[in-house]
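# Structural overview
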Amino acid sequence: MNKEIIKNGSQIVCESLLKENVEHIFGIPGGAILPLYQVLPEYPDLKHILVRHEQGAAHAADAYARATGKAGVAFATSGPGTTNLVTGIATAQMDSVPLVAITGQVGRPVIGTDAFQETDITGITLPITKHNYLVMETKDIASTIKEAFHIATTGRPGPVLVDIPKDILQEDGIFEYPESINIPGYKPNNSVNLKQIKKATKLIQESSRPVILAGHGIKISNAYDELLSFAEKCQIPVINTLLGLSSFPANHYLYYGWPGMHGMAYSNLILDQADLIIAVGMRFDDRITGNPEKFATSSKKIHIDIDASEVGKIIPVEVPIVANAKNALKELISAAPEKEHTEWLTQIDRIKNNHPTLKLRETDKLIPQYVIKQLHDLTKGQAIIVTGVGQHQMWAAQHYPFNDKNKLITSGGAGAMGYEVPGALGAQVGRPNEMVWSIAGDGGFMMTMSELATIAENRLPIKIAIMNNGFLGMVRQWQELFYEKSYVSTQYNGIPDFVKLAEAFGIKAMRVKDKTQVKGAINDAVTHDGPVLIDFVVESEENVYPMIPSGQTVQDMMEEPSSQEIK
Amino acid sequence: MTIKKHKLETRTVTALVNDKPGVLNRITSMLRRRGFNIQSLAVGHSEIEDLSRLTVIVEGGDDIVEQITKQLHKLIDVIKVTDISDESIVSRELALIKVKSTPETRSEIVQLVSIYRAKIIDVSSKSIIIEATGDYQKIKALQDLLENFGITEVMRTGMIAMNREKN
Ligand SMILES: Cc1ncc(C[n+]2csc(CCOP(=O)(O)OP(=O)(O)O)c2C)c(N)n1
Ligand SMILES: [Mg+2]
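Residue numbers run consecutively from 1 along every chain, following the written order of its sequence. In the order they appear in the text, chains get letters beginning with A and ligands get numbers beginning with 1. For a predicted model such as this one, the threshold for reporting local features is a pLDDT of at least 70, and the threshold for listing and counting side-chain atom pairs is 80 or more; totals across whole chains, interfaces and linings nevertheless cover every residue. By convention in this description, side-chain values take in all heavy atoms of the structure and omit both hydrogens and water.

This brings us to the environment of Ile97 of chain B. Residue and element names in this part refer to chain B. Counting from the N terminus, the helices are DSSP H or I runs at least four residues long and the strands are E runs at least two residues long. One can find Ile97 in strand E5 (residues 89–100). Classification of residues uses two cut-offs on accessible area relative to the type maximum, computed with a 1.4 Å probe and protein chains only: under 20% is buried, over 50% is exposed, and between them is partly exposed. The class of Ile97 is buried, set by a relative accessible area of 0%. As a C-alpha pair, Ile97 and Asp135 span 38 residues in sequence and 15 Å in three-dimensional space. Excluding residues that lie within four positions of it along the chain, Ile97 makes contacts with Ile128, Ile129, Ile130, Leu142, Leu146, Ile151, Glu153 and Val154. When checking whether two residues touch, look at their non-hydrogen atoms; a contact exists if any pair is within 4.5 Å.

Residues and elements named next belong to chain A. Residue placement: Glu343 occurs in helix H15 (residues 342–354). Residue Glu343 is classed as exposed on the basis of its relative accessible area, which comes to 70%. Spatially, the C-alpha atom of Glu343 lies 42 Å from that of Arg476, the residues being 133 residues apart in sequence.

Quick look at the interface of chain B and chain A now. Each partner contributes residues to the interface: chain B has 15 residues there, and chain A has 16 residues. The term buried area denotes the loss of accessible surface (1.4 Å probe radius) that occurs when two parts are joined, taken as the sum for both partners. In total, chain B and chain A occlude about 1300 Å² of area from one another, counting both sides; carbon and sulfur atoms represent 54% of this. Its largest share of buried area at the contact with chain A, chain B owes to Arg26, Lys70 and Ile76 of chain B, together 48% of the area lost on that side. In the sections that follow, a salt bridge refers to a side-chain nitrogen of Lys or Arg positioned within 4 Å of a carboxyl oxygen of Asp or Glu. Scanning the region where chain B abuts chain A turns up one salt bridge. Here Lys74 of chain B and Asp307 of chain A are joined by a salt bridge, their closest N and O atoms 2.7 Å apart. Under this definition, polar contacts are N or O atom pairs within 3.5 Å; protein pairs additionally need one hydrogen-donor-capable and one acceptor-capable atom, and for neighbouring residues in sequence, both atoms have to be side-chain atoms. Taken together, the connections running from chain B to chain A amount to seven residue pairs in polar contact (both at pLDDT 80 or more). In terms of residue count, the dominant contributor to the side of chain B that touches chain A is helix H2 (residues 62–74) of chain B (six residues). In terms of residue class, the side of chain B that touches chain A is made up of four nonpolar, five polar and six charged. When residues are grouped by polarity, Ala, Val, Leu, Ile, Met, Phe, Trp, Tyr, Cys and Pro land in nonpolar, Asp, Glu, Lys and Arg in charged, and all others, Gly among them, in polar.

Turning to the coordination of the magnesium ion (ligand 2), a few remarks are in order. Residues and elements named next belong to chain A. Looking at the magnesium ion (ligand 2), the protein donor atoms are Asp442 (OD), Asn469 (OD1) and Phe471 (O), and they sit 2.0 to 2.2 Å from it. Only N, O and S atoms count as donors, using a 2.8 Å cut-off from the metal and 3.2 Å for Na, K and Ca, and because water is excluded some sites may appear unfinished. Coordination of the magnesium ion (ligand 2) draws on donor residues from a single chain, spaced D-x26-N-x1-F in sequence. Here Phe471 lies in the loop between strand E17 (463–468) and helix H21 (473–482) and Asp442 lies in helix H19 (residues 442–448), a separation of 29 residues in the sequence. Like Asp442, the residue Phe471 is buried in the burial classification.

Attention now goes to the packing of helix H9 (residues 194–206) of chain A against helix H14 (residues 325–335) of chain A. All names here are of chain A. Running from N to C, H9 and H14 cross one another at 55°; their axes reach a closest spacing of 10 Å. What the angle tells us is that H9 and H14 run oblique. For H9 against H14, the interelement crossing comes out right-handed. Where H9 abuts H14, its residues Leu194, Ile197, Ala200, Thr201 and Ile204 lie against Ala328, Glu331, Leu332 and Ala335. Per-class residue counts for the contact of H9 with H14 are seven nonpolar, one polar and one charged. Only the stretch in contact is used when a helix axis is fitted, and all axes are lines through C-alpha atoms; the angle between N-to-C directions ranges over 0 to 180 degrees. For classification purposes, angles smaller than 35 degrees are called roughly parallel, those larger than 145 roughly antiparallel, those between 65 and 115 roughly perpendicular, and all remaining angles oblique. Each crossing is labelled by how the near helix is turned from the far one, with a counterclockwise turn of less than a right angle marking it left-handed and a clockwise turn marking it right-handed.

Moving on, we come to H14 of chain A. All names here are of chain A. Three or more residues of H14 are buried, namely Ala325, Ala328, Leu329, Leu332 and Ile333. Looking down the long axis of H14, one finds its buried residues gathered within 140° of arc, a one-sided arrangement. Where H14 is buried, its residues touch H9, helix H10 (216–220), helix H11 (224–234), strand E11 (276–280), strand E12 (300–305) and strand E13 (319–322). Between the side-chain oxygen of the N-cap and the backbone nitrogen of Lys326 there are 2.8 Å, and the N-cap of H14 in question is Asn324. It is the directions from the helix axis to the C-beta atoms whose arc is reported.

This paragraph deals with the side chain of His303 of chain A. The residue His303 of chain A is located in strand E12 in this model. Within polar-contact distance, the side chain of His303 of chain A engages the backbone oxygen of Met282 of chain A at 2.8 Å.

Residue and element names in this part refer to chain A. Tracing the backbone through its elements, the reader meets Pro337 in the loop between H14 and H15. On the basis of relative accessibility, which here comes to 16%, the residue Pro337 falls in the buried class. Sequence spacing of Pro337 and Ile6 is 331 residues, and the spatial spacing of their C-alpha atoms is 60 Å.

Here you go:
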């Protein structure tokens, strides 16, 4: 037999990863996965980034995937190594991100005996992965990895976990990478049902108040150009979901913001007044619909989604189109009529002007919205923005509009605090030539700030802007509005000195307490060619507006108190 | 003696699934996680090697069955899903029922059993074990009747169902 193809299980894993064009891996070694780590020096094209916590590995791999469109890869060892991945895997699952986690498991002979660091990670991740595998034969490693990447990256993408017992990683086998793949139970749909396109075209033809509601699916399927052409051809205004931001240029005359709990007032009102919503690559999340029974009741819906189970799950749909967003939009572009909606566009411009949600409050105080607006202007709106979860996330989405493709990386469905630092790490590794800004919450930052060490070690020029309000701000806002300002466990008593902390990691840092220092600090960060942290000590009790309280409707929307009289 | 009518709307979904460790776990985990109500679930080898057939009796209307069907279909180990509720089907379930008996009640039980074309498979001085096959209604009806004598144990396989051949 050809000696070339005899490899041990660990080498087979690496050979397979190379076949999948993997370049970067985020992980931490340990007993069960050690054989795999020990062969990594034989594979210099697989660049391993040693993170400081496995949650960081999963979030970094997730952000890497969102930034590049390629699958992100994370390694972890059995037991606590794998359970530390869980939050990151759940985040990827909720936001349809292709993540492949490769985990070491205890040896086959001791599986099921509660061996040292044995955890049933396939059991644990069963409901939060698109699929997972426990490999039980060396001969199955290559085909399993091929399947894992195929499943993770096709159809509606998602995380796949491959758990490999240690003895398999050590055992000799034959490396043969399968050419093709045949998974009888998995046939993602690549075609578009033209009958449905015809029905959709008819609705578009009949509509006088149409809106496109474009989500993450545009970015995932790389349908940016199609979305633009479709909107322009039919003169239909575009509203984005949070995860859809940076799929359509914000400076385009057909762009009308993003809706939902903290979306623009006008976006919510426009959706409510539309007679047709063309939803593309989005899933009517409750943060958008509020009470689904009262969501956009004047409109018919065309719903394009690759996942059939999303169609009709929350909102009744007149024309479902189960397809890849890009393919479906291509068909719609050729089938749909050129149209003008002058009256409708005038009407919605009026709504927009009457609800200038994004106008900054005049104040000498340092408010986070102002910081983000400056960040936007001084980076010319071209940075990749990675956020945590909370108020700062909403302000980032509101005050940092994107004209370019795929610039916002944020944990939407899972709402995982702690995403901001490892997410920025993954994004910067994936897009080394672009400037990455992490807009962080003081709370979320403290959850995963250990990755500052990884950033410093790898000299990644990430800029971190902490919106330090001394609070778990978003929760405090709910307490203020719905629990009579009873601030239970949301205020930090004793915040660490973030500047000294960053410096301890070897990262340049600044503190900004005054509005007049904002521009200078941001410019310093932009021109510094390494990582920088800015601790923006902002107003502590600022609220995010507008707000539609959970489960309510556009009629219940609260706007910024000062802009109320404009109504 | 009243026979309780089975009121809930139920639907019958069958699926062809990989016969691999953990597959049933994936299916039940999904059903549980999404809060679907399952009346019964039965699984066993199919006529195709390495594939099993599953019958799920689901409580709920059209939209719920549609979601279940789609969510089942999304599982990589599920190869084919069919909602056969509206088709002409035969369905059967096997039940073992242990019922208390005394010399006085024994003959009445035996009579009931024969009316329902069930079988007595074990007799002791204090109880009888009955084997009954049938659709949901029939087993329910028999069980309700036997309740009067005191049922001590019931074991049911869950419903399995199959399309009738169209002529
Ligand atoms: C891991 C995790 N734990 C708890 C929450 C609940 N939560 C949502 S927003 C928020 C506050 C976030 O605080 P911070 O990071 O300081 O951001 P801010 O809202 O102050 O901008 C919390 C606790 C969460 N989303 N994620
Ligand atoms: Mg905060």
